[in-house]
Amino acid sequence: MKRLITKEKSSKRRYFVKIFGVVQGVGYRPYVYNQAIIFNIKGFVSNHGSSLVIDIEGECKDIKGFLIKIIKTPPSLAVIKKVKVTSKDYIGSKEFHIKSSSSDKNEIKFIAADVATCPDCIRDIFDETNPRYQYVFTNCTSCGPRYSIIKSLPYDRINTIMETFKMCPVCNKEYSDPTNRRFHAQPNCCPSCGPSLKVLTSYGEDLLKCNPIIDTINYIKQGKIVGIKGLGGFHLSCDAKNEKSIEILRNRKNRPHKPLAIMVKDIETAKRLCFISEEEEKVLLSNKRPIVLLRKKDSNILPKSIAPNLNKIGIMLPYTPLHYLLFQNNISHLVMTSGNMSGESIQYKNDKAIKYLGNIVDYFLIHNREINISVEDSVVKLVNGEEIVVRRARGYTPFAINIKAKHNILALGAEQKSTFSLSQNGYAYISQYLGDLKDFDSYNTYKKAIRNLMDLLDFKPNIIAYDLHPYYLSSKYGDNQIGKKVLIQHHHAHMVSCMVEHNLSKQVIGVVFDGTGLGNDGKIWGGEFLVGNKKDFIRVGHFKYVAIQGGDKAIKQPWRIALSYLHSIKYESNNILKAIDEDKINMVKQALDNNINCYETSSIGRLFDCVAALLNIRHEITYDAQGAIELENIMDVSIKEDYDYLIKEINGVHQIYYEDILLGILKDIDKGVRTSNISTKFHNTIGNLTIDLVNKLSKKYGIKDIVLSGGVFGNEYLLTYILNELNKKDFNVYYNKQIPTNDSGISLGQLAIANSIEGNE
Ligand code: ZN
Ligand code: FE
C-alpha cells in the first residue's frame, strides 16, 4: 500500500504550456477548462499577450491525454502556430481555474478574423422559444465579428466597439460562465441590451418600423434597392431575379457591366444556378464565407445582366443572422454588391452611407453596432481543386505568415487593388483588400486601415517599402513616412509574393504577366521573364515594346491600344475597328506618327486588350481588364491550333515579337474565322511561347523552379495551360494561391524584398 502511494505521488507532474496563434476570442479558454475537469487536471488557463498559457498539474497519463485533446482538436476557429511546453516544479494545486488576461508587448500578436454565424447561433435565431429568436446580433465564441470591431488588443470587450453596450444580467451570466458557449464571447448581447435595427429613407429619415426585416423584404420584393449595413460595411441589395431592379442599380451605381455578387438562400439554391464541385461546396460553406466564382449553368433563373458576357458568377451564402433572416417570404437570391459608387471604397459608417449612397438606394436597413474598420467580402475561386484567393478581405484578414523578418517593415503595395503589409517579430501581416487608391475616399480608408493595424500591433516601422512608381498614391504616402525608404520594382514584387507563399529562397525564373508596372528603365513593363531571388533580379526576357497612344485613356479605350499595335506593324486596313469614328482614328494615328502622348510598354495585358478590340469584343471598357476577361470567356477550348511567334535574343535578353501573332489574327479575321476560335488560338500561342522561353531560360541559367505571377494569371485557361505543360517537363512550377496574383499581393512581395535587402540575406 505504501509503495503504491509513493508511486502515485511521483507520477504527478507540472508543466507550463504556451500556445501561439489565433487562440483568443475563439472559445479556447472554456474548452481548456472543460477538458481540465474531464482529465482531472489542476492549475489555470489564461490569455497572455495574444497567446494562451496553461499551467497544469496532474497524473502523467492524464496530462498526456489532456494535451493531445486540446492541441490536436482545438476549437474550430483556433489556428495553432506553435506550442511550447516546459516542465516546472510540482506545487500541488487544488483546482483548475481561468485566470484574468495579462499583456505582453514583445510577442507575436494574432488578430482573429471575422467569422460567419455558427450552426448553434443559427438554431437560436430560428427557435421561437429562444430569447435571441430573430435577433440579428447573435454570436458566440465560435462566430461573429472580430477584426471589424477590435479597437485594441488584447481582444476583450472593453477594447471593441461593443464597450458602449452594457451587458444585461442574463448576458453577463453567460459571459462569466466557463461552461457556457458565450463565455467571454466579446460581442455577446441580446435584444434587451444589444444593438438594434432601423429602416431609414434614402435621405436618412427613421421610418420607425417595428419589424425592419419584414419591411426590408417587402421593399426588395417591390423591386426597391436597399442599402444594408452588414459585418464589414454596407451592401447594395435588390432582388437578383428582378431585371428591372438590377438595371436601376447599375444605372445609379454607374456600373454598367462589372459582375454583381449575389447571395443565395442556401447551398441547394446555389447548385441550381452553378456547377459546384465538392471542394467548391466546402469553401462556400466554410466559416470564412467568401464569394466563390462558380461556373454558371444554362438556366434562366437569373437575368444575364448579373454578370454580362461571363461564364462564371460570384456567389456567397448568408454569413450573419441578418442575412439568414432576409431569406424569407420567397426571397432566395439577393444582389449583394459593395456599398459604394464604382471605384470608391465601401461605406461602413451610417452618416457617410446616407450621404454617399443616398442617391443609389431607396431605403436603408442600418444598425447601431459600429464597424471600426471596413472589410469587404473576400473573393475566391478553385483551380485544380485548390482555393485561389482573388480578393483577400473578410474572414481572411488580417493574415499572418512567418517570414522570419528581421525588421519592422511597412510595405505599401501598389495603387490598384491595394493592400499593405507589415512585419513584426518575424511575422508578416497582410491587410484586407482596400480598393483603388486613386479614389480619394479609398485613399482615406487605406490610410485609416494602416493606422488601425499599426495601433493594434503597437507597431512602428523602421523601413518603408513601396513601388518604384513615383505617382502611385501609396508611393507618395511612403515618401512622407519616417524610416528608411526602399523602392521596389513592381514585377519583382509580384514574383516574390509567390516565392514567399511557397517558401522559396533560391534563384527562380519568374514569369510575370501583368497590366502595368514601372520598370527599371523607366518604361512600363508587364510581360516579363525575370531571373532572381528575394533580394534582386535580372530581366532576361520580355515582350517587345510597343508605343501606346493616349496615356491613361488608352486603358479605358482598348481600340486605341489596338490601333497603336496596328500602327507599330504598319498594318493598314479599313475593315478593322469599323465601329470607331474615323476622325478619332485619324487623330490617334497622327499622334502616333508624331509620338504625342505615347508611352512604350512590354505589357501583355495591353496585348490582350488589343486582341479584344480587334475582335470587336470590347472597344471601351467599364471595369478593370474587361476586354481580357471577356476574351477568355468566349473561348472554345476544343481548339488546339495557335499562331506563329518569334523570340530573339538581343544582348542576352530574349524579346518576344508579337508581329506574327497579330498578323495571324488579322488573317483569321479576314477569313471570317469565329472569334471564339481566334481567342483560343491566341491564348494557346501565349501559352506556347511562354513554355518555349521558359525552356530556353532554364537551360541557360540552370534553374528548374518556375514562378508564375501577375494579374494576367487570373486567366485560368492560360494558367492551367502553362502549368500542365511545364509540369510534364519536370519543372517545379509555383503560382499564387493564398496571396493574390494580382496587385493585392504586391505589398507582401515588397516586404519580403525589403527584408532581404536590409537583412543581407
Ligand atoms: Zn455562434
Ligand atoms: Fe501588377
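Keep in mind that what you see is a predicted model, and the values were worked out from it rather than measured. (Residues numbered from 1 in each chain as written. Chains lettered and ligands numbered in written order. Predicted model: local features only at pLDDT ≥ 70, side-chain atom pairs only at ≥ 80, totals over all residues. Heavy atoms only, no water.)

### As for the domain arrangement of the protein chain
Cut-off, in case you're wondering: An automatic or database domain assignment supplies the start and end points of every domain.
One can read the domain layout of the protein chain as domain 1 (12–98), domain 2 (113–195), domain 3 (197–379), domain 4 (395–505 + 742–760) and domain 5 (540–735). Just the C-alpha atoms count here: the centres of domain 1 and domain 4 sit 35 Å apart.

### Looking at the coordination of the iron ion (ligand 2)
Defined as follows: Donor selection uses N, O and S atoms within 2.8 Å of the metal (3.2 Å for Na, K and Ca). Since no water is included, sites may look incomplete. In this description a helix means any DSSP run of H or I spanning at least four residues, a strand means any run of E spanning at least two, and both kinds are numbered starting from the N terminus. A simple rule labels every residue: compare its accessible area, found with a 1.4 Å probe on the protein chains alone, to the largest value its type can have, and call it buried under 20%, exposed over 50%, or partly exposed in between.
The iron ion (ligand 2) binds to the protein through H490 (NE2), H494 (NE2), D514 (OD), D514 (OD) and D743 (OD); the donor distances cover 2.0 to 2.7 Å. Each donor residue of the iron ion (ligand 2) belongs to the same chain, with the gaps between them written as H-x3-H-x19-D-x228-D. Residue H494 is located in helix α14 (residues 490–501), and its partner D514 is located in strand β23 (residues 508–518); the two are separated by 20 residues in the primary sequence. Taken individually, H494 and D514 each receive the classification buried, so the pair is uniform in this respect.

### Brief notes about the packing of α14 against helix α23 (residues 746–759)
The cut-off we apply is this: Only C-alpha atoms enter the line fits that serve as axes; for helices the fit covers just the stretch in contact. Angles between N-to-C directions range over 0 to 180 degrees. An angle below 35 degrees is treated as roughly parallel, one above 145 as roughly antiparallel, one from 65 to 115 as roughly perpendicular, and anything else as oblique. We call two residues contacting when some pair of their heavy atoms lies within 4.5 Å. Residues were grouped as follows: Ala, Val, Leu, Ile, Met, Phe, Trp, Tyr, Cys and Pro as nonpolar; Asp, Glu, Lys and Arg as charged; and all remaining residues, including Gly, as polar.
α23 packs onto α14 with a crossing angle of 90° between their chain directions and a minimal axis gap of 7 Å. With respect to each other, α14 and α23 are oriented roughly perpendicular. Facing H490, H492, A493, H494, V496, S497 and V500 of α14, the residues of α23 in contact are I746, L748, G749, Q750, A752 and I753. A breakdown of the residues in the contact of α14 with α23 according to their chemical character gives seven nonpolar, six polar and no charged.

### Some remarks on the sheet that holds strand β5 (residues 96–98)
The cut-off we apply is this: Criterion used throughout: strands pair if DSSP finds at least two bridges between them.
Taken in spatial order, the five strands make up an open sheet running β4-β1-β3-β2-β5, and their pairing is mixed. Only two strands of the sheet have a single neighbouring strand rather than two, namely β4 (79–88) and β5. Averaged over all pairs of adjacent strands, the angle between their axes in this sheet comes to 15°, without regard to strand direction. Along the sheet, helix α2 (residues 28–38) makes contact with β1 (12–22), β2 (42–48), β3 (51–59), β4 and β5, crossing β5 at roughly 170°.

### Some remarks on the packing of aromatic side chains
Any pair of aromatic rings gets described here by the distance separating the centres and the angle formed by the planes. Short version of the rule: Aromatic rings from Phe, Tyr and Trp, with only the six-membered ring used for Trp, were paired whenever their centres fell within 6.5 Å, and each pair was classed as stacked if the ring planes differed by under 30 degrees, edge-to-face if by over 60, and tilted otherwise. For a lysine, the NZ atom is tested; for an arginine, the CZ atom; a charge sits over a ring if that atom is within 6 Å of the ring centre and within 35 degrees of the ring normal.
Scanning the entire structure with this criterion turns up 16 aromatic pairs. Aromatic side chains Y219 and Y363 sit 3.7 Å apart centroid to centroid with 5° between the ring planes, which places their arrangement in the stacked category. One end of the pair, Y219, is in helix α6 (residues 212–221); the other, Y363, is in strand β14 (residues 363–367), with 144 residues separating them in the sequence. In terms of burial, Y219 and Y363 fall into one category: buried. What links up through ring pairs into an aromatic cluster is the set F420, Y443, Y446 and Y477. Stacked on the ring of F399, the Lys or Arg R392 has its end atom at 4.2 Å from the ring centre.

### Concerning the coordination of the zinc ion (ligand 1)
Here is the rule: Key to geometry: four donors with every angle between 85 and 135 degrees are tetrahedral; four donors are square planar and six octahedral where opposite donors lie over 155 degrees apart and all remaining angles lie between 65 and 115; all other sites are irregular.
The zinc ion (ligand 1) binds to the protein through C118 (SG), C121 (SG), C140 (SG) and C143 (SG), with metal-donor distances spanning 2.3 to 2.4 Å. Bound by four donor atoms, the zinc ion (ligand 1) shows angles of 101 to 122° at the metal and therefore tetrahedral coordination geometry. Spacing between the donor residues of the zinc ion (ligand 1) along their common chain follows C-x2-C-x18-C-x2-C. Highlighted residues: C121 in helix α4 (residues 119–126) and C140 in the loop between α4 and α5 (169–176), separated in sequence by 19 residues. Just as C121 is buried, C140 falls in that class too.

### What about helix α21 (residues 675–701)?
Note the threshold: How far a helix is expected to stretch is found by multiplying one less than its residue total by 1.5 Å.
Helix length check: α21 (27 residues) gives 39 Å between terminal C-alpha atoms against 39 Å at 1.5 Å per residue, within 8%. In terms of residue burial, α21 counts as a mostly covered element, since 20 of its 27 residues are buried. Of the residues trailing α21, G702 is marked for its positive phi of about 65°.

### Details of unusual backbone geometry
Where the residue is not glycine, phi is negative for most of them; where a peptide bond is considered, it is trans in most cases. Here the residue pair T397 and P398 is connected by a cis peptide bond, since its omega of -5° sits within 30 degrees of zero. Along the polypeptide, P398 turns up in the loop between β16 (386–391) and β17 (399–402). Its identity is not glycine, yet N425 carries a phi of approximately 50°, on the positive side. Position of N425 among the secondary structure elements: in the loop between β19 (421–424) and β20 (427–430). In the Ramachandran plot, A625 falls in the positive-phi region, its phi being about 60° despite a non-glycine side chain. The residue A625 is located in the loop between α18 (604–614) and α19 (626–633) in this model. A relative accessible area of 31% places A625 in the partly exposed class.

### What about the environment of I555?
As for its position among the elements, I555 is in helix α15 (residues 552–556). For the pair I555 and G605, spaced 50 residues apart in sequence, the C-alpha to C-alpha distance is 9.7 Å.

### Focus: the environment of T675
By the element assignment, T675 lies in helix α21. Between the alpha carbons of T675 and I580 there is a distance of 19 Å; along the sequence they are 95 residues apart. Beyond its immediate sequence surroundings of up to four residues, T675 is in contact with L615 and I634.

### A closer look at the sheet that holds β19
One open sheet holds the six strands; their spatial order is β17-β20-β19-β18-β21-β22, and the pairing between them is mixed. The open sheet has two edge strands, β17 and β22 (484–488), and neither has a second partner. Each neighbouring strand pair of the sheet contributes to a mean axis angle of 20°, computed without reference to strand direction. For β17 and β20, the ladder comprises four bridges, and the chain directions are antiparallel. Bridge pairing links A400 to Y429 in β20.

### Here's the deal with the pattern of salt bridges
To be explicit about the condition: Think of a salt bridge as a Lys or Arg side-chain nitrogen and an Asp or Glu carboxyl oxygen that are within 4 Å of each other.
A full pass over the atoms with the stated rule returns 36 salt bridges. Note that D124 and R181 form a salt bridge whose closest N and O atoms lie 3.0 Å from each other. Placement of the pair is D124 in helix α4 and R181 in the loop between α5 and β6 (197–201), with a sequence separation of 57 residues. By relative accessible area, which is 27% here, R181 ends up partly exposed. As a salt-bridge pair, K484 and E758 come within 3.0 Å of each other at their nearest N and O atoms. You can see K484 sitting in strand β22 and its partner E758 sitting in helix α23, a full 274 residues away along the chain. Take K484: its relative accessible area is 45%, and that puts it in the partly exposed class. Within the structure, one salt-bridge network assembled from shared partners comprises D120, R123, D124, R132, E174, R181 and R182.

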